[in-house]
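Remarks on the overall topology
These are the residues of each chain, in order.
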Amino acid sequence: MKLAARFDGAPGPALRMLTGVFGVVWLVNALFQGVAWLAVASARANFLHALAKPASKVPGWIRPLLLAELHGVKALGPQLVAGCMVVIAVLLGVALLTRRKVALAARAGIAYSAICWVFLNGFGFPYSGGQTDPGVFVAYAIAFLFVLSVAPALEGRGEDAPEVGNGLWHAARISFGLLWLFDAALKWLPAFLLHFSSQITSVIPGQPQWVALWLGFVAEIVHAIGPVPVAVLVGLSETAIAAALLSDRWLRIAVPFALLYSLAVWCTAEAFGGPYSAAGTGVRGNVLGNVLIYLIPLLFLWVGGARARSAQA
């Protein structure tokens, strides 16, 4: 079943609300970063650690780029750079919440997300030990591409918007499908399939007691079923989601399934985004977990599918 979304009139309340939620996410990012990088006694060390950590994980041929950036930040002043990043997050959040200059904010958000993906996510490295996430800022860039596709409707400009909007919308959907395909491909590697249990148990240390108890319970269920069968089920799930997004078929089923699947990953392998600390929680843009950002593009697809079905009725 194909669903094509057209936004050629005033935006519906669901679309406005979703854009506002995305804005709140950026304001939460700004809050986390402001506290960790500007407000606490260890702010300078926290910020430099956030920049240095990716450099220690990337391959040798990429490391000089990240080290050069780190030296540049030290020369300019870590607090100045951190302050600019917080201001950018605030401006993006306010633009999305107020729905003013949405197209400009979306373009800036795509560029800023790409920069952060390099210097805060380190291109998503290392891809080892069963890791399958290329970095949260890829999902941010895709979410901003969805926003850009509906910006004329959000800004009250319906004329000449549908064709361009639909083209950007499908580009965002395909990009999101490729992201899921990348995740899924890494799920089929032995590092993930043969060591699935460690995806749960490795995140237990440092968690609050209630999270540790919950993850221990989940680990026991995985052990009872069998880690390999569960890992295969995970791989099949992500492969199916990627196929639906790339083919633009069965999205009515795939999108709600992907929403539920993402929430399941968040409360297990991502441990609800914990452990929570001023130096770590959200400073790399993941708010309370990378997979929560995946929900934003999924919700855009959900809203777009609902509007398309309404238009076809």
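Focus on the overall build of the protein
- Helices and strands together make up the secondary structure of the protein, namely 13 helices and 0 strands.
- When the helices and strands of the protein are read in sequence order from the N terminus, they spell out α-α-α-α-α-α-α-α-α-α-α-α-α.
- Considering only contacts in the protein between residues 6 or more positions apart, those separated by 24 or more positions represent 78%.
- Split by element, the accessible area of the protein, about 14,100 Å² in all, is 71% carbon and sulfur.

Some details on the side chain of aspartate 183
- Relative to the assigned elements, aspartate 183 resides in helix α7 (residues 162-187).
- Although aspartate 183 is buried, it makes no salt bridge; lysine 187 carries the closest opposite charge, 5.4 Å away.
- Here the side chain of aspartate 183 touches tyrosine 294 through a polar contact of 2.9 Å, side chain to side chain.
- Those residues in contact with aspartate 183 that sit more than four places away from it in its chain are Thr132, Asp133, Pro134, Glu238 and Tyr294.

Quick look at the side chain of asparagine 29
- Tracing the sequence through the fold places asparagine 29 in helix α1 (residues 13-39).
- Overall, the relative accessible area of 0% leaves asparagine 29 in the buried class.
- Excluding residues within four positions of it along the chain, asparagine 29 makes contact with Tyr140, Gly282, Gly285, Asn286 and Val287.

As for the confidence of the model for the protein
- When pLDDT is averaged along the protein, the result is 88, and 89% of the positions lie at 70 or above.
- Low confidence marks residues 1-10, where pLDDT is under 50. Its contacts with residues over four positions away, or in another chain, come to 31 contacts.
- Scored below 50 in pLDDT, residues 159-164 makes 3 contacts in the model with residues more than four places away or belonging to other chains.

A look at the packing of helix α11 (residues 227-247) against helix α12 (residues 251-266)
- At their nearest, the axes of α11 and α12 sit 10 Å apart, and the two run at 140 degrees to each other. Relative to α12, the element α11 lies oblique. Note that α11 runs across α12; the crossing there is left-handed. For the pair formed by α11 and α12, the contact residues are Val234, Ser237, Glu238, Ile241, Ala244 and Leu245 on the first element and Leu251, Ala254, Phe257, Ala258 and Tyr261 on the second.
- Partitioning the contact of α11 with α12 into residue classes produces 9 nonpolar, 1 polar and 1 charged.

Thoughts on the nonpolar core
- Counting 84 residues, the largest nonpolar core has Phe22, Trp26, Trp37, Tyr140, Phe176, Trp180 and Phe300 as the members making the most contacts within it.
- Tryptophan 37 has contacts with Ala43, Arg44, Asn46, Phe47, Ala50, Gln79, Ala82, Met85, Leu120 and Val283, leaving out every residue within four places of it along the chain.
- Residues Ile62, Leu66, Val118 and Phe123 belong to the second largest nonpolar core, which totals 6 residues.

Conventions and cut-offs
Residues numbered from 1 in each chain as written. Predicted model: local features only at pLDDT ≥ 70, side-chain atom pairs only at ≥ 80, totals over all residues. Heavy atoms only, no water. Helix = DSSP H or I, 4+ residues; strand = E, 2+ residues; numbered from the N terminus. Contact = heavy atoms within 4.5 Å. Areas by Shrake-Rupley, 256 points an atom, 1.4 Å probe, with all protein chains shown as cover. Buried < 20%, exposed > 50% of the residue type's maximum accessible area, 1.4 Å probe, protein only. Lys, Arg positive; Asp, Glu negative; His and termini not counted. Salt bridge = Lys/Arg side-chain N within 4 Å of Asp/Glu carboxyl O. Polar contact = N/O pair within 3.5 Å; in protein donor to acceptor, adjacent residues only side chain to side chain. pLDDT = per-residue confidence, 0-100. Axes fitted to C-alpha atoms, helices over the stretch in contact; angles between N-to-C directions. Parallel < 35°, antiparallel > 145°, perpendicular 65-115°, else oblique. Left-handed = near helix turned anticlockwise from the far one by under 90°. Nonpolar A, V, L, I, M, F, W, Y, C, P; charged D, E, K, R; others polar. Core = buried A, V, L, I, M, F, W, Y, C linked by side-chain atoms within 4.5 Å.

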